[in-house]
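Close look at the chain arrangement
The residues making up each chain are set out below.
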Amino acid sequence: MGKLLLFLLFIINAIYSFFHPWFGVTIGYLFNILGPQYIWWWHFQGLRGFYLIATPTLAGFFFIFFRGLLNVDIIKNKRVFFAILYFLFVFLSYFWGPYVDIVNEWRFYEPYQVLVLMLKIFIFYLVGLLTISTSKKLRIFSFVLPLAALYLIYWANMQYLSGTFFLRLRGPRDIAGAGLYSDENNFAMLFVTSIPFLFYFGWYFKRWYLRLLFWLAIPFAWHAIFLTASRGGLLGAVLTSFLAGFRCPKKMVGIILIPIFFLAYFWQGGSVLKHRAETIKSYKYEPAAKTRLEAWEAGIRMVFSHPFTGVGLASFGQAFPDFSDKKPRLAHNTFIQIAAESGIFAVTSYILFMFFCCWHLYKCRDLFSVRSFEYYLCDATLVSLCGFLFCSLFLTLVFFEIQFYLAIIANTLVYLSRQKVRLSG
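These notes cover the structure that comes with them. (Residues numbered from 1 in each chain as written. Predicted model: local features only at pLDDT ≥ 70, side-chain atom pairs only at ≥ 80, totals over all residues. Heavy atoms only, no water.)

Some points on the overall build of the chain
- For the chain, the helix and strand inventory stands at 20 helices and zero strands.
- A compact globule built from 425 residues would reach a C-alpha radius of gyration of about 22 Å, and the chain, at 21 Å, matches this within 12%.
- Its C-alpha atoms put the chain at 60 × 55 × 55 Å along the principal axes.
- Burial status across the chain gives 55% buried among its 425 residues.
- Pairs at least 24 apart in sequence give 78% of the contacts found in the chain among residues at least 6 apart.
- Looking at the chain as shown, the accessible area adds up to about 19,700 Å², and 68% of this sits on carbon and sulfur atoms.
- Averaging the coordinates of the 37 positive side-chain charges in the chain and doing the same for the 18 negative ones gives two points 13 Å apart. (Helix = DSSP H or I, 4+ residues; strand = E, 2+ residues; numbered from the N terminus. Rg over C-alpha atoms; globule rule 2.2 N^0.38 Å. Buried < 20%, exposed > 50% of the residue type's maximum accessible area, 1.4 Å probe, protein only. Contact = heavy atoms within 4.5 Å. Areas by Shrake-Rupley, 256 points an atom, 1.4 Å probe, with all protein chains shown as cover. Lys, Arg positive; Asp, Glu negative; His and termini not counted. Charge placed at Lys NZ, Arg CZ, Asp CG, Glu CD.)

Here it is in structure tokens:
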């Protein structure tokens, strides 16, 4: 019965997405962020869910493209330019990287599979940029992350109440143990990036029960981060809570937000996270932190040795033994990982891409009416991106698709704000 209903939903989505590809993009990002194939894996056995969503969406996209119905002006900006450059250099590093074809025991990822994954991310990002082009579409699209987070906040806290996890909580996984959030740090990042949306959307809602739903979810989201025992997630939660409070519509609420967070931490932080948090100050003597520093040192050596091409896409592990006598591992730093694997042009493009997303979001908020939906969405997206970028210093988040979801929102917001200025001028 469940699989039959699932097929029906896919068929309905295929028909609607062909004529309205922006809707397919919205469902696709919901699928990629929520990961229903890992939550209810028994219904998805034998199905390639994302491709059933993406195929009619792309068909509809090309249909309207050839009819000249796409607004290409929305991608004529620095943010998109540097994003395309970033992906270009990443793709080139697959063909030019000297370690791509090396097979050893430290080949953590299959480079070709990573190339396909990055190509999928890029195509869906580009389609999203071109189709999420109006205020109405943006409003619906922006609910993808908070709605996915609300369910996973519920899921995480139910694992705690049922006692079905040990030490550190990971996200939903299928029978083979695979999952979008099988790494505790990545699972924590979902909540770090979603908390600003819950906070600012709560300010926007006029109905008390919707405001209460979103705001009450925040302490449970904090608790979900505590359950992962992720130090990066903890630091990210502190930063996003501070920034959200700093840019709060009512300063008094913002001032008490940080004390409330620390009260929640001391009450429900758990012994595992508190023990791991104590090592942040003495990171030089903590094993996990020492291995990160070793990986960063090896990654920097890779950059100096191969500054333009990097060692190759998904080849950090293969190259590691030639640049360090320590045990190979991932960089645990998104920027070093990109620079080492794809070169200085790739990481520079990525940094400029993210910088302009954040800077333009910061500048465009006041162009919208105070307390309008777009006004709050600017702050939610900006704080979320800041939390993501901060955690990127400690985690490898190259494939974390929420960053491109946020970039689409940022691009549309900036475009709408400039359209608003042109119309009023």
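Here's the deal with a nonpolar patch on the surface
- Residues Leu5, Leu8, Leu9 and Ile12 make up a contiguous nonpolar surface patch of roughly 390 Å² in combined accessible area.
- With respect to the helices and strands, the residue Leu5 is situated in helix α1 (residues 2-19). (Patch = residues over 30% accessible without salt bridge, like charges linked within 9 Å, V, L, I, M, F, W, Y side chains within 5 Å. Salt bridge = Lys/Arg side-chain N within 4 Å of Asp/Glu carboxyl O.)

Description of the side chain of Gln403
- Within the secondary structure layout, Gln403 lies in helix α20 (residues 402-424).
- A polar atom in the side chain of Gln403 sits 3.0 Å from the backbone oxygen of Phe400.
- Not counting the four nearest positions on each side in its chain, Gln403 is found in contact with Tyr350, Met354, Leu385, Phe388, Leu397 and Val398. (Polar contact = N/O pair within 3.5 Å; in protein donor to acceptor, adjacent residues only side chain to side chain.)

Some points on the packing of helix α2 (residues 21-34) against helix α7 (residues 111-131)
- Orientation of α2 relative to α7, taken along the N-to-C sense of each, is 135°, at an axis distance of 9 Å. Here α7 runs oblique to α2, going by the angle between their axes. Note that α2 runs across α7; the crossing there is left-handed. Mapping the contact onto sequence places Pro21, Trp22, Gly24, Val25, Gly28, Tyr29 and Asn32 in α2 and Lys120, Phe124, Tyr125, Val127, Gly128 and Thr131 in α7.
- In terms of residue class, the contact of α2 with α7 is made up of seven nonpolar, five polar and one charged. (Axes fitted to C-alpha atoms, helices over the stretch in contact; angles between N-to-C directions. Parallel < 35°, antiparallel > 145°, perpendicular 65-115°, else oblique. Left-handed = near helix turned anticlockwise from the far one by under 90°. Nonpolar A, V, L, I, M, F, W, Y, C, P; charged D, E, K, R; others polar.)

Quick notes on helix α13 (residues 251-268)
- With 18 residues, α13 ought to run about 26 Å at 1.5 Å a step, and its terminal C-alpha atoms sit 26 Å apart, in line with that.
- When the local axis directions of α13 are compared, the greatest deviation, roughly 25°, occurs at Leu257, which is followed within four positions by the proline Pro259.
- Buried within α13 we find Gly254, Leu257, Ile258, Phe261, Ala264 and Tyr265. (Expected span 1.5 Å × (residues − 1). Bend = angle between axes of the 7 residues up to and from the residue.)

Digging into the packing of helix α10 (residues 184-204) against helix α11 (residues 208-228)
- α11 packs onto α10 with a crossing angle of 160° between their chain directions and a minimal axis gap of 9 Å. Relative to α11, the element α10 is oriented roughly antiparallel. Between α10 and α11 lies a crossing whose hand is left-handed. Contacts between α10 and α11 involve Glu184, Phe187, Ala188, Phe191, Val192, Ile195, Phe197, Leu198, Phe199, Phe201, Gly202 and Trp203 from the former and Arg211, Phe214, Trp215, Ala217, Ile218, Ala221, Trp222, Ala224, Ile225 and Thr228 from the latter.
- Residue classes in the contact of α10 with α11 are distributed as 18 nonpolar, two polar and two charged.

What to know about the nonpolar core
- Ranked by size, the top nonpolar core spans 142 residues in total, and within it Tyr29, Tyr125 and Phe353 carry the most contacts.
- Here this core gets 14 residues from one element, more than from any other, and that element is α10.
- Setting aside anything within four residues of it in sequence, one finds Tyr29 in contact with Phe124, Tyr125, Phe141, Val144, Glu401, Phe404, Tyr405 and Ile408. (Core = buried A, V, L, I, M, F, W, Y, C linked by side-chain atoms within 4.5 Å.)

Topic: the pattern of salt bridges
- Under the definition given, this model contains eight salt bridges.
- Note that Arg365 and Asp366 form a salt bridge whose closest N and O atoms lie 3.3 Å from each other.
- When its relative accessible area of 55% is taken as the criterion, Asp366 is described as exposed.
- One network of salt bridges, in which partners are shared, links Arg247, Arg365, Asp366 and Asp379.

Concerning helix α17 (residues 334-342)
- Counting buried positions along α17 yields nine of nine residues, so the element is predominantly enclosed.
- Of the residues that open α17, the one with a side-chain oxygen 3.0 Å from the backbone nitrogen of Phe335 is Asn333.

Topic: the packing of aromatic side chains
- With the rule as written, the count across this model stands at 64 aromatic pairs.
- Judged by centre distance (5.9 Å) and plane angle (80°), the ring pair of Trp155 and Phe187 falls under edge-to-face. Highlighted residues: Trp155 in helix α9 (residues 144-162) and Phe187 in helix α10, separated in sequence by 32 residues.
- In textbook terms, an aromatic cluster arises when at least three aromatic residues are bridged by ring pairs, as seen for Tyr86, Phe87, Phe91, Phe122, Tyr125, Phe335, Tyr350, Phe353 and Phe404.
- The aromatic ring of Tyr51 is capped on one face by Arg48, whose charged end is 4.2 Å from the ring centroid.
- A cation over an aromatic ring shows up here: Lys120 above the ring of Phe50, its NZ or CZ 4.7 Å from the ring centre. (Phe/Tyr/Trp six-rings, centres within 6.5 Å; stacked < 30°, edge-to-face > 60°. Lys NZ or Arg CZ within 6 Å of the ring centre and 35° of its normal.)

Considering unusual backbone geometry
- In this structure, Ala229 is a non-glycine residue whose phi angle is positive, near 55°.
- Structurally, the position occupied by Ala229 is in the loop between α11 and α12 (231-246).
- Exposure remark for Ala229: the relative accessible area of 0% places this residue in the buried category.
- With a phi close to 55°, His332 is a non-glycine residue in the positive phi region.
- Here His332 is to be found in the loop between α16 (316-319) and α17.
- On the basis of relative accessibility, which here comes to 25%, the residue His332 falls in the partly exposed class.

Some words on the environment of Phe316
- By the element assignment, Phe316 lies in helix α16.
- Spatially, the C-alpha atoms of Phe316 and Tyr415 are 37 Å apart, while their sequence positions differ by 99 residues.
- In this structure, Phe316 is in contact with Ala295, Gly299, Met302, Val311, Arg329, Leu330, Ala331, Gln337, Ala340 and Glu341, ignoring residues within four places of it in sequence.

Some remarks on the side chain of Ser392
- Tracing the chain through its elements places Ser392 in the loop between α19 (373-391) and α20.
- Its relative accessible area of 0% is what places Ser392 among the buried residues.

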